[in-house]
Amino acid sequence: MPIRQLSETMINQIAAGEVIERPASVVKELVENALDAGASRVEIVTAGGGLNLIRVTDDGSGIPEQELALAIARHCTSKLSNDIHDIRSLGFRGEALPSIGSVARLSIRSRTASGDSAAEISIDGGRVLPVKPAAANRGTTVEVRDLFFATPARLKFMKGERAESSATSDVVKRIAIAFPAVRFTLAGSDRSTLELAATDDTAEGRLGRVAQVMGKDFPNNAIAIDAMRDGVHLAGHVSIPSYTRANALQQYAYVNGRPVRDKLIAGAIRGAFADVLPRDRHAVTVLFLSLDPSTVDVNVHPAKADVRFRDPGLVRGLIVGAIREALAGAGIRAATTGAAGMMAAFRPGATPYSHPGPTGGHRSYEAAYHASDSGSFDPLRSGQRPLDIGNGEMGYGGARHQRNGFAENDQAAFDTGPLASADARAGVAEPAEALLGMVLGAARAQVHENYIVAQTRDSLVIVDQHAAHERLVYEALKNALHSRAVPSQMLLLPEIVDLPEEDAERLAMHSDTLAKFGLGLERFGPGAVAVRETPSMLGETNVQQLVRDLADEIADNDTVETLKERLDKIAATMACHGSVRSGRLLKAEEMNALLRQMEATPGSGTCNHGRPTYIELKLADIERLFGRR
Ligand code: ADP
Ligand code: MG
């Protein structure tokens, strides 16, 4: 077959293959157009999962009658001046409408503020029909019927009405989070109606929109992020570590208002939470990055959901640093969902408690009860070992029984008064007033050999002593690990790792940082590095694999997170072995010391596995349970 120029329709259908993957992609493009036109209301209607009908109506600027034909012509846009590096709108490629028009029946009815009347243009599987007068208010209505009728092969890939309409809901929610001042409605015979009332573009308004989309649980369990570094601004919210999900779908990220799915951002979130979450749990996040448009490239893929940062290391560092700082600053805070689940369990007549909350999965109340009751009481084990934690000294499970966790005079301030009984299980006498004002209050009793019951001025606190102690040991270990150089061991013979030249170069550039983590390496010819020392904590390690992983990591993110994460993981494993098991009796002052230590330790609201270390029941809630309010 000789070479020939493809027809306009075929060119558009080829483009549609990338831009319009499914009904949700059409909705995304049309909603983006409405927002670019400055709409304050966007109404979306679908039928048949969007395959039969998608209609998007806005009250934006409208399209002048004489430009309607251009709107559906390829490579025609009103959004790009002459600088591809200065993109401030959601659209800029001028290919959505012609692509949609080539695979479906598309009509656009529009009226501008100055236009006397509306006009309408239609395009049917690539065939353009003449512009005709129409009746409409200011704004634009775009209607798409019989999506993919002109490309039946694509139609075969659709997943069915339910899946397609829920993909559309996701798209609308994702974009709505970035435009809180716009009112969105999504309705149709194939779905239940979603209505998002306009809030405003203040921090409060944005959080309000987030609550509309994700539910109130998230704001109640989230920490605000607001950080700036070298002209890049990061704002938004992240969940506290005890509020997690089994997948990363609830991580929303925006770059200059554009919803993106970005590996670098996802990786940075993972890195920031690595310390506080198990590998299979994911934080819930809503993050907005704002930076000079010329330092980020959005022209990576036709769907415009990918971005490339000019300085990926800066962006990653900002995200990791800001989240970690916020988590540390938030101190201890357990998920309110824990207490909510508990309230449900207590409610009169409740069936055995199964808490399907975001953290716990399904663990029945019965099972939890028996698990806590497991280790039977062993007097030899109990009461003897002091809690050696904190201050960077590692006293876990070893021979050092020095009480370095809390100095004697600190202890005096927390004196609980005379003990009612030598047996800590019995209630403690009237607690000191000062203790009641502390976040975790005064310890009153230990029950089931693992739970510390404490009292504040207005609540009852229950602490899982094993989980709490494990966390404290972990933090102490990590501090030790990061505050001084990590000890390394010399290899008998240097190990040579062959690598692509760029990788060898990158590793050599970061050799100082790597040395701090105990990995000593240097360039060895153009395509290799020689490893002389490895971190002793890693023991016998696969040097080749470690170095290659590190090279990949640096190439992706410009940082050396991998090594740090590995070391943190080792610290976590050690902490788990070194902490107080449940089943150990604690004296009143030991319990109070543990509570004070928790208050002073960032991240101690959750154990290393992301479960809460304590729950708090407000007095008001308890009174409500008893029908006293
Ligand atoms: P792009 O958005 O990349 O410019 P599109 O094919 O999506 O390309 O749209 C082409 C043009 O049609 C836009 O540049 C804009 O001028 C106009 N347009 C499309 N939808 C709307 C709308 N809802 N309101 C106002 N103008 C619109
Ligand atoms: Mg567009």
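Please read all numbers here as calculations on a predicted model, not as lab measurements. Numbers given for residues are sequential positions, taken from 1 along each chain in its written order. Labels follow written order: the first chain is A, the first ligand is 1, and so on. Given that the model is predicted, a residue must reach a pLDDT of at least 70 before its local features are reported, and side-chain atom pairs must reach 80 or more before they are shown or counted; all residues, however, enter totals for whole chains, interfaces and linings. Each side-chain value is derived from all of the structure's non-hydrogen atoms; neither hydrogens nor water enter the calculation.

## Notes on the overall build of the protein chain
A count of helical and extended segments in the protein chain gives 21 helices and 24 strands. Burial status follows relative accessibility: with a 1.4 Å probe on protein chains alone, a residue under 20% of its type maximum counts as buried, one over 50% as exposed, and anything between as partly exposed. Per-residue burial over the protein chain gives 49% buried out of 629 residues. Strands are runs of DSSP state E lasting at least two residues, helices are runs of H or I lasting at least four, and both sets are numbered from the N terminus onward.

## Considering helix α9 (residues 263-273)
Within α9, eight of the eleven residues are buried, leaving the element largely enclosed by the surrounding structure. The complete set of buried residues in α9 reads Leu 264, Ile 265, Gly 267, Ala 268, Ile 269, Gly 271, Ala 272 and Phe 273. Within 3.5 Å is the distance limit for a polar contact, defined as a pair of N or O atoms, with the added protein rule that one can donate a hydrogen and the other accept it, and that residues adjacent in sequence qualify only through two side-chain atoms. Looking at where α9 begins, the residue whose side-chain oxygen comes 3.1 Å from the main-chain nitrogen of Leu 264 is Asp 262.

## Quick word on the site of ligand 1
It suffices for a single heavy atom of a residue to lie within 4 Å of a molecule or strand for the residue to be listed as near it. Residues in close proximity to ligand 1 total 20 residues, the closest being Asn 33, Thr 77, Ser 78, Lys 79 and Gly 94. Ser 78 is positioned with one of its side-chain polar atoms (N or O) 2.5 Å from an oxygen atom of ligand 1. Interatomic distance of 2.8 Å between a backbone N/O atom of Gly 94 and an oxygen atom of ligand 1. With residues, only the protein chains shown are counted as cover, and all accessible areas are computed by Shrake-Rupley using a 1.4 Å probe. Compared with its free state, where it exposes 530 Å², ligand 1 has 93% of that area covered by protein. Elements with a minimum of two residues in the shell around ligand 1: α2 (23-36) and α4 (96-103). Element by element, the count of residues in the shell around ligand 1 is highest for α4, at three residues. Residue classes follow a fixed rule: Ala, Val, Leu, Ile, Met, Phe, Trp, Tyr, Cys and Pro count as nonpolar, while Asp, Glu, Lys and Arg count as charged, and any other residue, Gly among them, counts as polar. Considered class by class, the residues forming the shell around ligand 1 number nine nonpolar, seven polar and four charged.

## Quick word on a nonpolar patch on the surface
For patch building, the residue pool is restricted to those with more than 30% relative accessible area and no salt bridge; the joining distance is 9 Å between like charges and 5 Å between nonpolar side chains (Val, Leu, Ile, Met, Phe, Trp, Tyr). Note on definitions: salt bridges are taken to be side-chain nitrogens of Lys or Arg within 4 Å of carboxyl oxygens of Asp or Glu. Together, Leu 6, Met 10 and Ile 14 give the surface a local cluster of nonpolar side chains, amounting to about 260 Å² of exposed area. Among the structural elements, Leu 6 can be located in the segment before α1 (8-19).

## Some details on unusual backbone geometry
The residue Asp 230 is not glycine, and still its phi comes out positive at about 45°. Along the polypeptide, Asp 230 turns up in the loop between β9 (222-229) and β10 (232-239). For Asp 230, a relative accessible area of 66% translates into the label exposed. The phi dihedral of Asn 256 falls on the positive side, at around 50°, and the residue is not glycine.

## What to know about the sheet that holds strand β7 (residues 183-188)
Reading across the sheet, the eight strands line up as β5-β4-β3-β6-β2-β1-β7-β8 and stay open at both edges, with mixed pairing between neighbours. Two strands lie at the open edges of the sheet, namely β5 (127-134) and β8 (194-196), each paired on one side alone. Ignoring which end each strand starts from, the neighbouring axes of this sheet average 10° apart. As judged from the six bridges shared by strand β1 (residues 41-47) and strand β2 (residues 53-58), these two strands associate in the antiparallel manner. Bridging from a neighbouring strand, Thr 46 pairs with Ile 54 of β2. We call two residues in contact when some of their heavy atoms are within 4.5 Å. Here an axis means a line fitted to C-alpha atoms, over the contact stretch when the element is a helix, while the angle between two N-to-C directions is reported on a 0 to 180 degree scale. Along the sheet face, α4 touches β3 (105-111), β4 (118-124) and β6 (139-145) and points at about 135° away from the line of β3. In this fold helix α6 (residues 161-178) packs onto β1, β7 and β8, with an angle of close to 175° to the strand it touches most, β7. Any two strands are treated as partners once DSSP identifies two or more bridges connecting them.

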